[in-house]
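Letter by letter, the chains look like this.
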Amino acid sequence: MATQRVSGSQAVILSLLEEGVDTIFGYPGGAIMPIYDALYDFDQQVTHYLTRHEQGAIHAAEGYANVTGRAGVCFATSGPGATNLITGLADAQIDSIPLVCITGQVASPLLGTDAFQESDVISITLPVTKWNFQVTNAEEIPEAIAKAFHIATTGRPGPVLLDISKDAQFGLFDFEYKKCTKIRSYLPEYPVDPFQVKAAADIINEAKKPIVLFGHGVILAHAEEELKEFVEKTGIPAAWTLLGLSSLPSDHPLNVGMLGMHGNYGPNIKTNEADVVIAIGMRFDDRVTGKVAAYARQAKIIHLEIDPAEINKIIKADVPVLGNAKKSLRMLIGNVNQNSHEAWVQEFRDCDTIEYEKVISHDIHPKKVGLTMGEVIRIASEKTNNDAILVTDVGQHQMIASRYFKFNHSRSNVTSGGLGTMGYALPASMGAKIGKPDRVVFAVAGDGGFQMTIQELGTIAQYNLDIKIIVLNNNFLGMVRQWQQLFFEKRYSFTEMKNPDFVGIAKAYGLASQKVTSRDQLEDAVQAMLDHKGPFVLEVVVEKEDNVFPMIPTGASISDILLEP
């Protein structure tokens, strides 16, 4: 490739183009202005979306990465611009989302002088990035960006941040780009050990009551087909973590539901009855295990995991299989016997019947006067033939939506898992819609989380993003209120909210909107939202004390799951 003499800021854009980037989310400012000036000349090759807040930009990049499998890219300026990315970086780090974030920085002679809008971004972001690096010389830019993409997207993905000083953005040099394929001392994934695979297969072949627990690692490894083939060959029931949702179609006969605090009754109690637990691309989060000392003590644990730091971190594995889930599963499929566990699977279906009678029927087909979150989610899913992308915020509605929205395709569930970031849904839905413009995208939020990033309605309006926004309004911080009701004697300390006119706010942004307060309005309103060409805000007033069950109390065993208060 012939070299060309360019500025550092031009090199940033040229490097991104070399990596196939065509979408950037960001917010300009003084320290990153040279890069934005260079971007002005590339508007035919890359589309930049101006968000209303840097947190909106990074969550949008996360949404984009989630649905496309590509690294999301965002820009921010120095000081407060960079620090406004921290929540998104932490969110992406714990949920393994590939991001490349580029921040401007004051000129290198001013570093450490408390210059205007200077902050020590490298030190601040060190705990919440997979890698970060400060560029103070223009010549470093191509190599730094190449490394950033390699690190962000290989192995266990994650966010990286490059902080580029203003003088580096102005500096001139002869540009040449080489993609990064290897970094000394960085081993993104380990070769799968065939002896460990054989040991795992021997245990699986002898199992009487095995269960598969699959997580986000299946999606990140593009191992959905291997997962399906594995469970179908072995006949093993499979349950999902929140971020594993959509890896296996909702209606698959061996899909037995969600694990964890608000998961389904069967997979929770049956984990503590299984003789073998096969964990695939999941990290035994506390929301899944409940009381660790009482978790699956009777079972042999097989753990397929790409990150060695997760092996034996929480639950000791009898057979750890380190490596990429797609490769591990492919090898495992070749070693396991054709089998079925019909009687064992039927035990899960018996649990489904109990849960339907005690919980589900009241959530999705309620007889009470007030609207429930569950019936709203059920109708939205059914009216899109279970084929939409669901982007949720954090709280009661997130758990309800995960339970009752159904999926036919992978990469269709976008949510904040490990960090639990309120305000996530609205900006993340922007990235999801931009990444998958031909699919219906729902953004589902509670009244609390919606107001944390409500300004992104401006971004949605400016770019006419066809997002179907459902605000489930109970005038409470619902999940906190539920805990206060159940465990703090109904002492509702600072959880009730006096909310604005959400429909009026949507109209002020020029968005179509409607408010639903009764059941007879609901189905027609959802259909009207879907028929509308363009963004739509649907506020649904739900019962103030509509709780999420089942529920595993904090510190309790998963066997102690509650189906009712």
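On a predicted model such as this, the values are computed, not experimentally measured, just so you know.

1. Details of empty space enclosed by the protein
Part 1 of the reasoning: Inspection of the entire model under this criterion finds one cavity of 30 Å³ or more.
Part 2 of the reasoning: By volume, the largest cavity amounts to about 100 Å³.
Part 3 of the reasoning: Forming the boundary of the largest cavity are Asn66, Asp95, Ile97, His216, Ile219, Leu243, Arg411, Asn413, Val414 and Thr415.
Part 4 of the reasoning: Elements represented by at least two residues in the lining of the largest cavity include exactly helix 10 (216–220) and strand 16 (413–414).
Part 5 of the reasoning: Taken together, the residues that form the lining of the largest cavity break down as four nonpolar, four polar and two charged.

2. A few points about the pairing of strand 12 (residues 276–280)
Part 1 of the reasoning: Burial runs high along strand 12: five of the five residues are buried.
Part 2 of the reasoning: Alternating residues of strand 12 divide into Val276, Ile278 and Ile280 and Val277 and Ala279, and every residue in both groups is buried.
Part 3 of the reasoning: As defined by bridge partners, strand 9 (residues 210–214) adjoins strand 12 across five bridges and the pair is classed as parallel. From the neighbouring strand, Leu213 faces strand 12, where its bridge partner is Ala279.
Part 4 of the reasoning: Here strand 12 runs beside strand 13 (residues 300–305); their pairing, made up of five bridges, is parallel.

3. A few points about the domain arrangement of the protein
Part 1 of the reasoning: Domain boundaries assigned for the protein yield domain 1 (4–175), domain 2 (194–346) and domain 3 (369–541).
Part 2 of the reasoning: Between the C-alpha centres of domain 1 and domain 2 the distance comes to 37 Å.
Part 3 of the reasoning: Facing the eight residues of domain 1 at the interface are seven residues of domain 2.
Part 4 of the reasoning: Where domain 1 abuts domain 2, roughly 620 Å² becomes buried across the two surfaces, and 58% of that area is made up of carbon and sulfur atoms.
Part 5 of the reasoning: The largest per-residue losses of area from domain 1 upon contact with domain 2 belong to Ile94, Asp95 and Arg156, which jointly make up 63% of the total buried on that side.
Part 6 of the reasoning: There are two salt bridges connecting domain 1 and domain 2.

4. Focus: the environment of Leu304
Part 1 of the reasoning: Tracing the chain through its elements places Leu304 in strand 13.
Part 2 of the reasoning: What makes Leu304 buried here is its relative accessible area of 2%.
Part 3 of the reasoning: Placed 218 residues apart in sequence, Leu304 and Leu522 show a C-alpha to C-alpha distance of 44 Å.
Part 4 of the reasoning: Residues contacting Leu304, with those up to four places away along its chain left out, are Ile278, Ala279, Ile280, Gly281, Val321, Ser328, Leu329 and Leu332.

5. Concerning the layout of surface pockets
Part 1 of the reasoning: Considered as a void within the structure, the second largest pocket measures approximately 510 Å³ in volume.
Part 2 of the reasoning: Elements represented by at least two residues in the lining of the second largest pocket include exactly strand 11 (255–258), helix 15 (342–364), helix 16 (373–383) and helix 17 (396–404).
Part 3 of the reasoning: Element by element, the count of residues in the lining of the second largest pocket is highest for helix 15, at six residues.
Part 4 of the reasoning: Grouping the constituent residues of the lining of the second largest pocket by class yields 10 nonpolar, nine polar and eight charged.
Part 5 of the reasoning: Residue assignment places the lining of the second largest pocket across two domains, with domain 2 (194–346) and domain 3 (369–541) each supplying three or more.

6. Considerations on the sheet that holds strand 16
Part 1 of the reasoning: Pairing is parallel across the open sheet formed by six strands, whose spatial order is 16-15-17-18-20-19. A single partner strand is all that each edge strand has here, and the edge strands are strand 16 and strand 19 (512–516).
Part 2 of the reasoning: This element, helix 17, spans strand 15 (389–392), strand 17 (441–446) and strand 18 (467–473) of the sheet and lies at about 160° to strand 15.

7. Notes on unusual backbone geometry
Part 1 of the reasoning: Going from Phe549 to Pro550, the amide bond is cis rather than trans, its omega being 0°.
Part 2 of the reasoning: Its location among the elements puts Pro550 in the segment after strand 20 (536–541).
Part 3 of the reasoning: For Asp114, which is not glycine, the phi torsion reads 60° and is therefore positive.
Part 4 of the reasoning: Checked against the element boundaries, Asp114 lands in the loop between strand 5 (99–105) and helix 6 (121–125).
Part 5 of the reasoning: On the accessibility criterion, Asp114 (73% relative accessible area) is exposed.

8. Remarks on helix 14 (residues 325–333)
Part 1 of the reasoning: For helix 14, the complete set of buried residues consists of Ala325, Ser328, Leu329, Leu332 and Ile333. Taken down its axis, helix 14 places every buried residue within 130° of arc, on the same side.
Part 2 of the reasoning: Considering only its buried residues, helix 14 is in contact with helix 9 (194–206), helix 10, helix 11 (224–234), strand 12, strand 13 and strand 14 (319–322).
Part 3 of the reasoning: Where helix 14 starts, the residue carrying a side-chain oxygen 2.8 Å from the main-chain nitrogen of Lys326 turns out to be Asn324.

9. Quick look at the nonpolar core
Part 1 of the reasoning: With 97 residues, the main nonpolar core has Val212, Phe230, Ile278, Ile280, Phe442 and Val540 as its most contacted residues.
Part 2 of the reasoning: The element best represented in this core is helix 15, accounting for seven residues.
Part 3 of the reasoning: Domain assignment of the residues forming this core places at least three in each of domain 2 (194–346) and domain 3 (369–541).
Part 4 of the reasoning: What Phe230 contacts, discounting residues up to four positions off in sequence, is Ile204, Val212, Ile236, Ile278, Leu329, Leu332, Ile333 and Val336.
Part 5 of the reasoning: Ala60, Ile97, Leu161 and Phe502 belong to the second largest nonpolar core, which has 47 residues in total.

Calculation rules
Each chain has its residues counted from 1, running along the sequence as written. Reporting in this predicted model follows two pLDDT cut-offs: at least 70 for local features of residues, and 80 or more for side-chain atom pairs to be given and counted; totals over whole chains, interfaces and linings ignore these cut-offs and use all residues. Here the side-chain values reflect all heavy atoms present in the structure, with hydrogen atoms and water set aside. A pocket, in this scheme, is an open set of points on a 1 Å grid over the protein atoms alone with protein on both sides within 12 Å along at least 5 of 7 lines, while a cavity is a set where a 1.4 Å probe fits but cannot get out; residues line either one if an atom lies within 4 Å of a point. Grid points are joined across faces, edges and corners, and a volume is the space filled by probe spheres set on the points. Strands here mean DSSP runs of E at least two residues long; helices mean DSSP runs of H or I at least four residues long; both are numbered from the N terminus. Throughout, the ten residues Ala, Val, Leu, Ile, Met, Phe, Trp, Tyr, Cys and Pro are labelled nonpolar, Asp, Glu, Lys and Arg are labelled charged, and all others, Gly among them, are labelled polar. Any residue under 20% of the maximum accessible area for its type is buried, any over 50% is exposed, and the rest in between are partly exposed; the area is computed with a 1.4 Å probe on protein chains only. Here a strand pair is declared whenever DSSP counts at least two bridges between the two strands. Where each domain starts and ends follows an automatic or database-derived domain assignment. In what follows, residue pairs with any heavy atoms lying within 4.5 Å of each other are defined as contacts. When two parts are put together, the accessible area they lose, computed with a 1.4 Å probe and summed over both, is reported as buried area. A side-chain nitrogen of Lys or Arg and a carboxyl oxygen of Asp or Glu constitute a salt bridge if their distance falls within 4 Å. Axis geometry follows a simple rule: fit a line to the C-alpha atoms, using only the stretch in contact for helices, then measure angles between N-to-C directions, giving values from 0 to 180 degrees. Arc definition: directions from the helix axis to the C-beta atoms. Under the rule applied, a polar contact is a pair of N or O atoms within 3.5 Å (in protein, one hydrogen donor and one hydrogen acceptor; residues adjacent in sequence only if both atoms are side-chain atoms). Each nonpolar core is a collection of buried residues, namely Ala, Val, Leu, Ile, Met, Phe, Trp, Tyr and Cys, held together in the definition by side-chain atoms within 4.5 Å.

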